[in-house]
Protein chains: 2
Amino acid sequence: MTTPEVASGSQAAAARLRVTVPSVADRVAAELRLQLAEGLLLPGARLTESTIAEDLGVSRNTVREAFAELAAERLVVRLPNRGVFVASLGPGDVHDVYTVRRAIEVSAIRAGGAPERVAAVRAAVEEGKAAAAADDEEALGTANQHFHGAIVALAESRRLDTMMSQVLAEMRLFFHKATVDAHFYRGYLDDNEEICTALEAGELDRAGSLLLSYLDRSEEKQSAVHGD
Amino acid sequence: MTTPEVASGSQAAAARLRVTVPSVADRVAAELRLQLAEGLLLPGARLTESTIAEDLGVSRNTVREAFAELAAERLVVRLPNRGVFVASLGPGDVHDVYTVRRAIEVSAIRAGGAPERVAAVRAAVEEGKAAAAADDEEALGTANQHFHGAIVALAESRRLDTMMSQVLAEMRLFFHKATVDAHFYRGYLDDNEEICTALEAGELDRAGSLLLSYLDRSEEKQSAVHGD
DNA sequence: ATCGTCGGATTGTTGAACAAATCGCTCAAT
DNA sequence: ATTGAGCGATTTGTTCAACAATCCGACGAT
């Protein structure tokens with residue numbers, strides 16, 4: 001075979017197995033992603049190429065490539081000739097994001113999944129309960145994300161997985177405002193539990209409906225926080 | 001306001017209204033996308049930076065940025081230190097792509113849509129019929145894509161729209177093989193018709209089920225063509 | 001207050017350079 | 001015959017410096 005085994009079915013595995021050091025651009029992107037998630041860079045903030053290049057000790061061109069990555073993930077917006085800014089989501093975007101989540105998550109749960117995938121969902125539920133018992137709001141938030149990530153993972157679709165994680169990354173951008181209410185996720189614990197048991201019982205349609213109603217309620221709350 | 005109206009709800013409109021010449025990198029990416037769609041660049045083919053830079057009369061760095069765009073869209077795969085190659089999808093990817101389509105399209109049609117959006121779906125159906133009458137296989141294919149694009153558009157979600165067009169772009173990559181059978185789409189005309197009328201009648205669940213079965217059959221055919 | 005104009009700062013793009021990695025080949029050793 | 005080391009050519013990854021184009025804010029004229 002003259003062409004290397006590019007993509008194809010085994011690409012995911014190959015990419016995962018391949019021993020490769022992430023490029024500098026990738027590491028810059030990762031660093032920025034981190035700062036984004038930590039709320040160090042607030043929505044609307046400007047990212048100046050030269051500044052970041054100096055701060056991270058890399059070339060401006062490399063920063064540029066990193067920006068391209070982040071822009072593709074919608075974490076950042078590029079205004080031609082004006083610069084890149086941390087994406088800020090308005091009410092319309094909140095609805096849009098939830099529309100995507102409804103599509104992805106409901107579809108995944110409706111199709112069910114292998115037992116070990118279902119077990120992963122259960123694990124996320126327990127993780128949430130533990131976090132609640134420990135009064136660890138931070139852990140509660142990540143547990144919630146694990147829960148929804150596990151639901152998408154039911155579909156065993158590489159593309160759906162990345163779409164979901166991108167959407168979750170987008171949401172983290174404005175969660176920093178939302179979590180002023182410390183008990184934000186607490187109310188969803190029972191939802192998750194109920195959805196999970198329905199899933200385990202094979203009542204997929206019911207699980208889907210529950211999930212759907214959860215997402216609707218969640219969207220409503222988020223919209224409220226976001227001055228709709 | 002110190003920060004420019006970045007993103008937020010009105011970003012889509014702003015981006016659409018803004019008078020901006022696409023950057024050189026964008027134009028390079030567009031050109032490559034075109035060649036990809038035309039089948040000029042076959043899956044597995046290598047894209048050498050310097051060659052393309054010369055051919056299009058741009059800098060190698062600019063080509064690099066274009067590659068980043070295409071890689072984000074999965075049209076191209078980047079193998080570290082080895083180069084970028086036209087993505088080639090294996091049987092697993094076919095299933096994956098259809099999983100995404102099921103999620104997006106079914107979700108969109110189940111939620112229904114504004115009358116003018118439904119009308120757009122109808123228009124795509126008629127477009128397909130006209131193409132069939134004219135024996136224009138090319139037009140038949142694009143009409144089919146318009147149909148499914150219109151279905152997703154029902155949801156009025158910017159993100160779902162771009163996800164769908166990316167998936168369709170991915171599919172075009174291996175449609176070049178699939179369309180050896182000239183009557184490929186012909187059989188789907190009746191499906192589209194039926195789905196559309198169900199949609200117009202407000203029978204959303206039925207429309208969803210029909211669409212789902214269509215996608216399953218379509219996947220099966222594609223998998224068969226792709227040496228499963 | 002509104003409207004040009006001008007200067008500074010930042011982005012977009014280029015071209016050249018160099019280290020590092022990969023590939024294909026030769027050639028010797030087993 | 002196969003393996004493996006070595007080597008040269010090619011290509012990618014990254015940096016740097018430069019320049020045009022664009023944008024922003026301030027300043028000044030009306």
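**Considering the relation of the copies chain A and chain B**
Moving on, step 1. Its rotation angle being 180°, the transformation that places chain A on chain B also includes 0.0 Å of axial translation and leaves an RMSD of 0.0 Å. Overall, the copies show the geometry of a two-fold rotation axis. Taking C-alpha positions as reference, the residue of chain A nearest the rotation axis is A:Ala103, located at 2.7 Å.
Moving on, step 2. Most of the interface of chain A is mirrored in chain B: 98% of its interface residues are interface residues there too.

**Topic: the protein's contact with DNA strand D**
Moving on, step 1. Taken together, 22 residues surround DNA strand D, and among them A:Val24, A:Thr62, A:Arg82, B:Arg60 and B:Arg64 come closest.
Moving on, step 2. Between a base oxygen of DNA strand D and a side-chain N or O atom of B:Arg60, the distance comes to 2.6 Å.
Moving on, step 3. B:Arg64 has a polar side-chain atom sitting 2.2 Å from a phosphate oxygen of DNA strand D.
Moving on, step 4. Listing elements by their share of the surface near DNA strand D, those giving two or more residues are helix H2 (24–38) and helix H4 (60–72) of chain A together with strand E1 (46–47) and helix H4 (60–72) of chain B.

**Quick notes on the pattern of salt bridges**
A side chain of one charge can pair with a side chain of the opposite charge when the charged atoms of the two come close.
Moving on, step 1. Using the criterion set out here, one finds 48 salt bridges over all chains in the structure.
Moving on, step 2. The residue A:Glu73 makes a salt bridge to A:Arg33 at a minimum N-O spacing of 2.5 Å. Taken together, the residues span a long stretch of sequence, with A:Glu73 in the loop between H4 and strand E2 (76–79) and A:Arg33 in helix H2 at a distance of 40 residues.
Moving on, step 3. Through salt bridges with shared partners, a single ionic network connects A:Asp93, A:Asp96, A:Glu170, B:Arg158 and B:Arg159.

**Structural notes on a negative patch on the surface**
Moving on, step 1. A cluster of acidic residues, A:Glu31, A:Glu38, A:Asp136 and A:Glu138, forms a negative patch on the protein surface.
Moving on, step 2. Judged by its relative accessible area of 55%, A:Glu38 falls in the exposed class.

**Thoughts on the protein's contact with DNA strand C**
Moving on, step 1. Inspection of the region around DNA strand C gives 22 residues, with A:Arg60, A:Arg64, B:Val24, B:Thr62 and B:Arg82 positioned closest.
Moving on, step 2. A breakdown of the atoms of DNA strand C within 4 Å of the protein gives sugar and phosphate a share of 71%.
Moving on, step 3. Here B:Asn61 contributes a side-chain N or O atom positioned 2.9 Å from a base oxygen of DNA strand C.
Moving on, step 4. Of the residues belonging to the surface near DNA strand C, the class tally is 5 nonpolar, 9 polar and 8 charged.

**Side note on the packing of aromatic side chains**
Residues and elements named next belong to chain A.
Moving on, step 1. For the structure shown, the criterion picks out 2 aromatic pairs over all chains.
Moving on, step 2. Taking the centre distance of 4.9 Å and the plane angle of 85° together, the rings of Tyr188 and Tyr214 count as edge-to-face. Pair noted here: Tyr188 is in helix H9 (residues 188–200) and Tyr214 is in helix H10 (residues 204–225), with a separation of 26 residues, a long-range link.
Moving on, step 3. Exposure remark for Tyr188: the relative accessible area of 4% places this residue in the buried category.

**As for the pairing of strand E2 (residues 76–79) of chain B**
Residues and elements named next belong to chain B.
Moving on, step 1. In this structure, E2 lies alongside strand E3 (residues 83–86), joined through 4 bridges in antiparallel fashion. Opposite Val77, over in E3, you have Phe85 as the bridge partner.
Moving on, step 2. In this structure, the hairpin formed by E2 and E3 is closed by a connection of 3 residues, where Asn81 is found at a positive phi of approximately 65°.

The rules we used
- Residues numbered from 1 in each chain as written.
- Chains lettered and ligands numbered in written order.
- Predicted model: local features only at pLDDT ≥ 70, side-chain atom pairs only at ≥ 80, totals over all residues.
- Heavy atoms only, no water.
- Least-squares fit on C-alpha atoms with pLDDT ≥ 70 in both.
- Contact = heavy atoms within 4.5 Å.
- Near = heavy atom within 4 Å.
- Polar contact = N/O pair within 3.5 Å; in protein donor to acceptor, adjacent residues only side chain to side chain.
- Helix = DSSP H or I, 4+ residues; strand = E, 2+ residues; numbered from the N terminus.
- Salt bridge = Lys/Arg side-chain N within 4 Å of Asp/Glu carboxyl O.
- Patch = residues over 30% accessible without salt bridge, like charges linked within 9 Å, V, L, I, M, F, W, Y side chains within 5 Å.
- Areas by Shrake-Rupley, 256 points an atom, 1.4 Å probe, with all protein chains shown as cover.
- Lys, Arg positive; Asp, Glu negative; His and termini not counted.
- Charge placed at Lys NZ, Arg CZ, Asp CG, Glu CD.
- Buried < 20%, exposed > 50% of the residue type's maximum accessible area, 1.4 Å probe, protein only.
- Nonpolar A, V, L, I, M, F, W, Y, C, P; charged D, E, K, R; others polar.
- Phe/Tyr/Trp six-rings, centres within 6.5 Å; stacked < 30°, edge-to-face > 60°.
- Pairing = 2+ DSSP bridges.

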